[in-house]
Amino acid sequence: MTKRTRYFMIGSVGFLTLGLTVGLAAYYGGIRGFAEPAGPEELNYVPSDAAVVAFANVRQLMDSQFRQQVKGLESADHQKGQEELKNEIGIDIERDIDYVVACMLASPTATSTDARSGYVLARGNFDRPRIEAFIRDKGGVEQEYRGRKMFVHAEAAATATTGASHEMALTFIDSKKVVAFGTPAALHRVIDLQFADAQTVRANPEVMKLIGSVEPGNNAWVVGRFDVLSKQAHLPNEVTSQLPQVTWFSAGGHVNGGLNAVVAVQARDEEAAKNLQQVVAGFIALARMQASAKPELNAIAQSITLSNDTSNNTVAVTFTLPLAALDALKAAKTMLQEPK
Amino acid sequence: MAVESIPAAPPVPARATRPPSFVTAAFRVFDLSLGQMLWSRRTIFLALVVSAPVILGLIVRILTSVGIGGSVRLGGSAVVAGPSIFGLFIWLLYLRFIIPVLGVFYGTSLIADEVEDKTITYLFTRPIARGAVVVGKYLAYLAATSLVVLPSVMILYFLVVPTGGGSLAAAFPALVKDLALLGIGLAVYGSLFAWVGAQFKYPLVTGLVFAFGWEQGIMVIPGYLKRFTIAYYIQGLVPHAMPQDSALSILQLVVRDSLSVPMSLFWLGFIFVLFLALAARAVSRREYVLEQ
């Protein structure tokens, strides 16, 4: 073998090895700034046992053509609420929030009587002194946990209906860029994660795999454990026993000139996946039959596709909601509002 | 026309030193042939073929980085999502075009080139088994093509996957599967066309007709005939190597009539062993006639 051939072989094998090493390093934890793992940075503030994780790119959603069309369907009260938020704490939802990450915490062993816990992390531009002053004005109490400031507020409405105190809390994570809002116990865990006292969701390969599959190309998504949620849903036993054997679910959507969405569920085994596919196929057929006489719904019904990935027992449904369908909905709404 | 005839499998004269074993002989032929293959005119063709997807990937990267193509969609999710584009490149460019083309051009030339250059005499007069010549040259083909094709896939991965919100980390298992799939494709196509090169008078034409006539045509016709193609068995592995998102559901619809992974691997292994053995047998038994 000549020297030239040997150098070529070494170079080629070296390049392959380097590429695979970088990919492997990215797969097992990420290389910051180069090959980060799936999901937004705020997943570092989500614990590994989160039952549901959701993401929405608020800026993209607000700027989308779809949103502009939906705006026409919103009530005046909704728009007034946005105005109040802007006047009181200086947050313009249309411009100031980049994206939000939400999570619901639940232990797999939790029962329906256990309290639900969770929080929302929002990244954007926030006027921190103004928000803190607003919370104090509304009766919020300032507390400190591990040297971090957080505001706690007991909601009167919740107390009146359930008889139990339903506290909500808020804390700033990254000076004024990221704010966390949720139950005080959950926010304690957010602060714990900042001290690296607990594992983040990035260490949970099942969740990260789902996020990796649903995130690309979508500006809103949610992944979660279906079995944990159904345990906490206060459903009667008769209903729970009829629920399909689903372990994980994921949903993602891309919103711009319409809505393209995918909803996928992972069944416990191959048999359950087959049964689930048959049930969903039946519903799709029914929807198509019902929509055949209505052109505005027919396009949506025809866009629904069902797929079954037998390698991991996943059944997925994709559908498209075109802008034209929204126009039809707007027209229907106008017709209903017209005086007879 | 004056011809020089080389009799089939000349008996090795008894000598004081023992002839090298089959494996040693194959390795020596590999060592000799790898350099010849890498630094031949055919390598320019190889470089052109494998650089095409890289250039396309670069274009995709530039277009997405300047914001063009962000709204191009197909099915339920964005086609511009990097892992989906990468999966399409692997299927449409590499597995359906580049791998068969390299198999045809390199595989059929393993013995045919030596015959054409009239240098086969030098190989066949050595005290080594003729089968070792085929195996050594086949291994050189596999090394030369893999060392060029697989790095180009790696470059494509880093160029395309991060676009459209794609994650290098999430797509890494798919990359590993794709690299393995391409390696299997090169091995099996190479084995088949090595036999074609050893057996047929016009191997290049025969190979091209098989790869781009028979395989492409029969794959779209329903029925059992597609079982007589390599693409059918490669296809059985593809859906599992693709990223599992909905953008590829359309592709999966096209390739849904496929075998399970173990069955596909079994048949690919069978084809590989069968045709490499047939190629070695054909070279051992055939009498090559060199035109003067």
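Residues numbered from 1 in each chain as written. Chains lettered and ligands numbered in written order. Predicted model: local features only at pLDDT ≥ 70, side-chain atom pairs only at ≥ 80, totals over all residues. Heavy atoms only, no water.

1. Re the sheet that holds strand S5 (residues 148–154) of chain A
Hydrogen bonds along the backbone pair up the strands of a sheet, which may run parallel or antiparallel.
Residues and elements named next belong to chain A.
Reasoning step 1: Spatial ordering of the open sheet is given by S4-S5-S6-S7-S3-S2-S1-S8-S9-S10-S12-S11, a layout of 12 strands whose pairing is antiparallel. The open sheet has two edge strands, strand S4 (141–145) and strand S11 (305–309), and neither has a second partner. Taken over all neighbouring pairs, the strand axes of this sheet differ in orientation by 15 degrees on average, direction set aside.
Reasoning step 2: When strand S6 (residues 167–172) meets strand S7 (residues 178–182), the two strands line up antiparallel, connected through four bridges. Bridge pairing in S7 places alanine 169 opposite glycine 182.
Reasoning step 3: With respect to the sheet, helix H7 (residues 184–194) is in contact with strand S2 (97–105), strand S3 (117–124), S4, S5, S6 and S7, its orientation differing from that of S5 by roughly 170 degrees.
Reasoning step 4: Helix-sheet contacts for helix H8 (residues 205–214) involve strand S1 (50–56), strand S8 (220–225) and strand S9 (246–256), and the interaxial angle to S9 is about 30 degrees. (Pairing = 2+ DSSP bridges. Helix = DSSP H or I, 4+ residues; strand = E, 2+ residues; numbered from the N terminus. Axes fitted to C-alpha atoms, helices over the stretch in contact; angles between N-to-C directions. Contact = heavy atoms within 4.5 Å.)

2. Thoughts on the confidence of the model for chain B
Residues and elements named next belong to chain B.
Reasoning step 1: Mean pLDDT over chain B: 79, with 80% of residues reaching 70 or higher.
Reasoning step 2: Looking across chain B, the model is least confident in strand S3 (residues 77–78), with a mean pLDDT of 42, and most confident in helix H6 (residues 130–160), with 90.
Reasoning step 3: Within the model, pLDDT remains below 50 along residues 70–79, and this stretch shows 26 contacts once partners closer than five positions in the same chain are excluded.
Reasoning step 4: Predicted confidence for residues 243–249 stays below pLDDT 50, and this span has 21 contacts to residues more than four positions away or in other chains. (pLDDT = per-residue confidence, 0-100.)

3. A look at the nonpolar core
Reasoning step 1: By size, the foremost hydrophobic cluster in this structure holds 87 residues, and its most contacted members are Phe86, Val149, Val153 and Tyr157 of chain B.
Reasoning step 2: Ranked by residue count, the leading element in this core is H6 of chain B, at 18 residues.
Reasoning step 3: Discounting residues that sit within four places of it in the chain, valine 153 of chain B has contacts with Phe86, Ile90, Tyr94, Leu175, Leu179 and Leu182 of chain B.
Reasoning step 4: Grouped together as the second largest cluster of nonpolar side chains are 32 residues, Tyr99, Val190, Val207 and Val223 of chain A included. (Core = buried A, V, L, I, M, F, W, Y, C linked by side-chain atoms within 4.5 Å. Buried < 20%, exposed > 50% of the residue type's maximum accessible area, 1.4 Å probe, protein only.)

4. Quick word on unusual backbone geometry
Negative phi values dominate among residues other than glycine, just as trans dominates among peptide bonds.
Residues and elements named next belong to chain A.
Reasoning step 1: A positive phi angle, close to 50 degrees, is found at arginine 146, a residue other than glycine.
Reasoning step 2: As for its position among the elements, arginine 146 is in the loop between S4 and S5.
Reasoning step 3: Under the relative-accessibility criterion, arginine 146 is labelled partly exposed at 37%.

5. A closer look at the packing of aromatic side chains
Residues and elements named next belong to chain B.
Reasoning step 1: A full pass over the atoms with the stated rule returns 21 aromatic pairs over all chains.
Reasoning step 2: Ring plane angle 65 degrees and centroid distance 5.9 Å describe the contact between phenylalanine 86 and tyrosine 157, whose orientation is recorded as edge-to-face. Taken together, the residues span a long stretch of sequence, with phenylalanine 86 in helix H3 (residues 82–107) and tyrosine 157 in helix H6 at a distance of 71 residues.
Reasoning step 3: For phenylalanine 86, a relative accessible area of 1% puts it in the buried group.
Reasoning step 4: Judged by relative accessible area, tyrosine 157 falls into the buried class, the value being 0%. (Phe/Tyr/Trp six-rings, centres within 6.5 Å; stacked < 30°, edge-to-face > 60°.)

6. A short note on the pattern of salt bridges
Pairing is possible between side chains that carry opposite charge, provided their charged atoms lie close to one another.
All names here are of chain A.
Reasoning step 1: Applying the stated criterion to the full structure yields nine salt bridges over all chains.
Reasoning step 2: Here lysine 149 makes a salt bridge to glutamate 132, at a shortest N to O gap of 3.5 Å. Residue lysine 149 is found in strand S5, and its partner glutamate 132 is found in helix H5 (residues 128–137); the two are separated by 17 residues along the sequence.
Reasoning step 3: For aspartate 192, the salt bridge goes to arginine 146, with nearest N and O atoms at 2.8 Å. Here the residue aspartate 192 occupies a position in helix H7, and arginine 146 occupies one in the loop between S4 and S5, the gap between them amounting to 46 residues. (Salt bridge = Lys/Arg side-chain N within 4 Å of Asp/Glu carboxyl O.)

7. Regarding the side chain of asparagine 57 of chain A
Reasoning step 1: Of note, asparagine 57 of chain A is situated in the loop between S1 and helix H2 (58–63).
Reasoning step 2: For asparagine 57 of chain A, a relative accessible area of 16% gives the class buried.

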